[in-house]
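# Structure at a glance
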Amino acid sequence: MRSRILVIDDDDKIISMLRRGLAFEGYEVITASNGEQGLNKMMESEPDMVILDVMMPKVDGWEVCRRIREAGSAVPVLMLTAKDDIKDRVKGLDNGADDYLVKPFALEELLARVRALLRRKSSEAESESVTRQVTYEDLVLDLDMRQVIRDGHTIELTTKEFELLHLFMLNPKRVLTRDTIMEKIWGYDFSGESNVLEVYVAMLRQKTEEFGGKRIIQTVRGAGYVLRGES
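Residues numbered from 1 in each chain as written. Predicted model: local features only at pLDDT ≥ 70, side-chain atom pairs only at ≥ 80, totals over all residues. Heavy atoms only, no water.

## Observations regarding the sheet that holds strand β12 (residues 224–227)
Sheet architecture is open: three strands sit in the order β10-β12-β11, paired in antiparallel fashion. Every other strand in the sheet has two partners, leaving β10 (176–177) and β11 (217–220) as the edge strands with one partner each. Across two bridges, the pairing between β10 and β12 is antiparallel. Note that in β12 the partner of leucine 176 across the bridge is tyrosine 225. Its contacts with the sheet put helix α8 (residues 196–208) on β11 and β12, and the angle it makes with β11 is roughly 145°. (Pairing = 2+ DSSP bridges. Helix = DSSP H or I, 4+ residues; strand = E, 2+ residues; numbered from the N terminus. Contact = heavy atoms within 4.5 Å. Axes fitted to C-alpha atoms, helices over the stretch in contact; angles between N-to-C directions.)

This is the structure in structure tokens:
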């Protein structure tokens, strides 16, 4: 069955280019010319992926992404924007985006990002069909409830924080390199100057240690990160 991709953008040229390029690759393409229309199409029938422009009238891409996540959808979202700023990237990711592409972009790169996100979605579906709850010491991650509990305390996480913690908990005591984490969580590697991963690790540490829990996400200098208690 062909994957269905919803493209939400107010630029007719972008819409036309993506419709042709994605259809040529075998995807079924649905389009919307603004955020409000895009949300309506999401409610009609959830696609396999959303490609979403940030700067749109009425309802911008950040708000569209936030509402998609609030509705409980885990559909992969690739955001398109003319802004190449780390704060804008983090804002998009905090609102639940899975990936971020700056305009102007090469169609070949966008198609590679689409393939990576759809592969990850398929892989996660297979993994979740095996186990719906992951535990490490006093930390419990429930995939059905999208909930994290530590020592009886519920921890509120964003979508990306949840996915990052899930990755660590699936690989306890195993050092994960930065490249591995970026590929698994974001589907590609950010530029070398980007500190998005470091920001997310810091936020996860703060939240998992909020109620007095010991640090379990450790930095391995020159290697990456590992989930384990302090030695």
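## Topic: the sheet that holds strand β3 (residues 49–53)
Spatially, five strands are ordered β2-β1-β3-β4-β5 in an open sheet, and the strand pairing comes out parallel. For this open sheet the edge positions go to β2 (28–32) and β5 (99–102), each flanked by a neighbour on one side alone. Going from strand to strand, the sheet's axes swing by 20° on average, the running direction of each strand aside. When strand β4 (residues 77–81) meets β5, the two strands line up parallel, connected through four bridges. Across the sheet, residue leucine 78 finds its bridge partner in β5, namely aspartate 99.

## Quick notes on helix α6 (residues 159–170)
Over its twelve residues, α6 runs 17 Å from end to end, which matches the ideal 16 Å to within 8%, given 1.5 Å per residue. Taking burial as the measure, the twelve residues of α6 include ten buried ones, the bulk of the element. (Expected span 1.5 Å × (residues − 1). Buried < 20%, exposed > 50% of the residue type's maximum accessible area, 1.4 Å probe, protein only.)

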